Amino acid sequence: MKLLGLTNYAGMILTEPSLNLLKQAPLLNALEPEQFKALLNTASVYELAEGEFLFQQGQRLEQIFICTEGFIKLFRLTPNGDEKIVEIISAGNSFAEAVLFLGGQQYPVHAVALKSSQVVGINADQYQQILRSSVDVCFHLMGLMSKRMHWLLTEVDRLTLHNATFRLLTWLLEAPTYAENAILLDVPKHVLASRLSIKPETLSRILKRLSEQALIRVEEQVIELLDRVELQKLVELEE
């Protein structure tokens, strides 16, 4: 793991796109310029190779994080050693702040890079001090956490009330496209399967069936949606 002290955040350590992501991140975009600068002057930049851990479950919480490049996988291990993915963090998104707000002292999950990634670590104690001094920032974060809670409740419903086909169809219809109706899988299919609580073989079987029905086309890491209308109808039938 490469750790760089961020002493001049406008310099060569962070690229302009990464800096813009930090400014737009919900955790930071309500801050005054001086608060933003103070946090970044004590922050750390982590350059992670694919498969490299940022932190492990049970490790003491000292920083909260914002992903600026790549993808970070948050996961727990079940008692029998199986990996359960909690979330995939993409560039521009933060993580570990909920633990801080709840008064947690340890990270409750493992965090590992799915590909070459860059993560900025913000000093947790310093961030808390800023919150205690700014009502506006606190209200902004309350809005963020409320949206997050609603999203999680929706995810719980999908995972517990609907079958594998519904979960995959919903993901296909909501996933961002890089071209017209084309989805680029930035993570391996087995990671997507775990995220959707589907066995990898079940995911492959559903993708194959949808391909045979000429509803999608799968070519390596690209999934093209050939008929959104029919896919939506299938979702409605599965509800």
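Residues numbered from 1 in each chain as written. Predicted model: local features only at pLDDT ≥ 70, side-chain atom pairs only at ≥ 80, totals over all residues. Heavy atoms only, no water.

Draft legend 1. Up close: unusual backbone geometry. Of note in this structure, Ala96 is not a glycine but carries a positive phi near 85°. Of note, Ala96 is situated in the loop between β7 (94-95) and α3 (97-101). (Helix = DSSP H or I, 4+ residues; strand = E, 2+ residues; numbered from the N terminus.)

Draft legend 2. Examining the packing of aromatic side chains more closely. Tallied over the full model, the rule gives 7 aromatic pairs. A centroid spacing of 6.2 Å and a plane angle of 65° characterise the contact between Tyr46 and Phe65, whose relative ring orientation is edge-to-face. Placement of the pair is Tyr46 in strand β2 (residues 44-48) and Phe65 in strand β4 (residues 63-69), with a sequence separation of 19 residues. Residue class for Tyr46 comes out buried when judged on its relative accessible area of 11%. Ring centres 5.5 Å apart and planes at 25° place the aromatic pair Phe55 and Phe65 in the stacked group. With Phe55 in strand β3 (residues 53-55) and Phe65 in strand β4, the pair connects residues that are 10 residues apart, well separated along the chain. (Phe/Tyr/Trp six-rings, centres within 6.5 Å; stacked < 30°, edge-to-face > 60°. Buried < 20%, exposed > 50% of the residue type's maximum accessible area, 1.4 Å probe, protein only.)

Draft legend 3. Region of the structure containing the pattern of salt bridges. Scanning the entire structure with this criterion turns up 4 salt bridges. Here Glu224 and Arg217 are joined by a salt bridge, their closest N and O atoms 2.5 Å apart. Its relative accessible area of 38% is what places Arg217 among the partly exposed residues. (Salt bridge = Lys/Arg side-chain N within 4 Å of Asp/Glu carboxyl O.)

Draft legend 4. Structural detail: a nonpolar patch on the surface. Together, Val135, Phe139 and Met142 make up an exposed nonpolar region whose accessible area comes to about 340 Å². For Met142, the location among the structural elements is in helix α5 (residues 135-161). (Patch = residues over 30% accessible without salt bridge, like charges linked within 9 Å, V, L, I, M, F, W, Y side chains within 5 Å. Areas by Shrake-Rupley, 256 points an atom, 1.4 Å probe, with all protein chains shown as cover.)

Draft legend 5. Spotlight on the packing of helix α2 (residues 33-40) against helix α4 (residues 124-133). Two elements in contact, α2 and α4, have axes separated by 10 Å at closest approach and are oriented at 165°. Overall, the two elements α2 and α4 adopt an arrangement that is roughly antiparallel. For the element pair α2 and α4, the recorded crossing hand is right-handed. Note on element contacts: α4 touches α2 through Gln126, Tyr127, Ile130 and Ser133, opposite Gln35, Ala38 and Leu39. (Axes fitted to C-alpha atoms, helices over the stretch in contact; angles between N-to-C directions. Parallel < 35°, antiparallel > 145°, perpendicular 65-115°, else oblique. Left-handed = near helix turned anticlockwise from the far one by under 90°. Contact = heavy atoms within 4.5 Å.)

Bear in mind that shape data such as this cannot, by itself, settle questions of function.
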